[in-house]
Amino acid sequence: MMKTKHALAVLAMSLVATPAAWANLDLAKKNACMACHAVDKKLVGPGYQDVAKKYAGDKEAVAKLTESIKKGGSGKWGPVPMPAQAQLSDADAKALATWVAGGAK
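Residues numbered from 1 in each chain as written. Predicted model: local features only at pLDDT ≥ 70, side-chain atom pairs only at ≥ 80, totals over all residues. Heavy atoms only, no water.

Asker: Give me the nonpolar core: which residues, what numbers.
Answerer: Ala28, Tyr48, Leu65, Ile69, Leu96, Trp99 and Val100 are the most contacted members of the largest nonpolar core, which has 17 residues in total. Residue assignment for this core shows that the elements contributing at least two residues are helix 1 (2–30), helix 2 (48–55), helix 3 (61–71) and helix 4 (90–101). The element that contributes the greatest number of residues to this core is helix 4, accounting for five residues. Here Ala28 is in contact with Cys33, Met34, Tyr48, Leu96 and Trp99, once residues within four sequence places are set aside. (Core = buried A, V, L, I, M, F, W, Y, C linked by side-chain atoms within 4.5 Å. Buried < 20%, exposed > 50% of the residue type's maximum accessible area, 1.4 Å probe, protein only. Helix = DSSP H or I, 4+ residues; strand = E, 2+ residues; numbered from the N terminus. Contact = heavy atoms within 4.5 Å.)

Set out below in structure tokens:
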């Protein structure tokens, strides 16, 4: 009985955590980020998992990525510049940056 309760609690927690991850993938899709980026491979821009690896251990990763999303940039990943995404709210840009920094999982 105790194992069942524990298993149900773990399942419930995982179901609660999952929508946040999907919400950020959905946010990336909604804002056309996936036209240039993929989670696990390079398209026009780097894959999000590669971005996470580059910024692993950087305490300022979310702030740096948020700024790159909002202001755009060039030279960090090759010759193709990332256009500014100024239309994104600060909250959405930070949510995307947090998701990417976490490995886009």
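From this point, the narrative continues.
Asker: Let's hear about the side chain of Lys70: which residues, and what values?
Answerer: Locating Lys70 in the fold gives a position in helix 3. Apart from the residues lying within four places of it in its own chain, the contact partners of Lys70 are Ala84, Gln85, Ala86, Leu88, Ser89, Asp90 and Ala93.

Asker: Any details on the packing of aromatic side chains? Residues and values, ideally.
Answerer: Going through the model one piece at a time under the given rule, you end up with one aromatic pair. Directly above the aromatic system of Trp77 lies the positively charged group of Lys54, at a separation of 4.5 Å from the ring centroid. (Phe/Tyr/Trp six-rings, centres within 6.5 Å; stacked < 30°, edge-to-face > 60°. Lys NZ or Arg CZ within 6 Å of the ring centre and 35° of its normal.)

Asker: Quick rundown of a nonpolar patch on the surface? Include the residues and the values.
Answerer: Residues Leu43, Val44 and Val80 make up a contiguous nonpolar surface patch of about 240 Å² in total accessible area. Tracing the backbone through its elements, the reader meets Val80 in the loop between helix 3 and helix 4. When its relative accessible area of 52% is taken as the criterion, Val80 is described as exposed. (Patch = residues over 30% accessible without salt bridge, like charges linked within 9 Å, V, L, I, M, F, W, Y side chains within 5 Å. Areas by Shrake-Rupley, 256 points an atom, 1.4 Å probe, with all protein chains shown as cover. Salt bridge = Lys/Arg side-chain N within 4 Å of Asp/Glu carboxyl O.)

Asker: Go over helix 3 with me, naming the residues and quoting the values.
Answerer: Regarding helix 3, the residues found buried are Ala61, Leu65, Thr66, Ser68, Ile69 and Lys70. Among the structural elements, helix 2 and helix 4 are those in contact with the buried residues of helix 3. Residue Gly72 follows helix 3 closely and has a positive phi angle near 75°.

Asker: Summarise the pattern of salt bridges; cite the residues concerned and give the values.
Answerer: Enumeration over the complete set of coordinates arrives at three salt bridges. Between Lys64 and Asp58 there is a salt bridge, with the nearest N and O atoms lying 2.7 Å from each other. As a salt-bridge pair, Glu67 and Lys71 come within 3.5 Å of each other at their nearest N and O atoms. Here the residue Glu67 and the residue Lys71 both occupy positions in helix 3, the gap between them amounting to four residues, near one helical turn. The exposure class assigned to Glu67 is partly exposed, which follows from its relative accessible area of 45%.

That is the geometry; function is a separate question.
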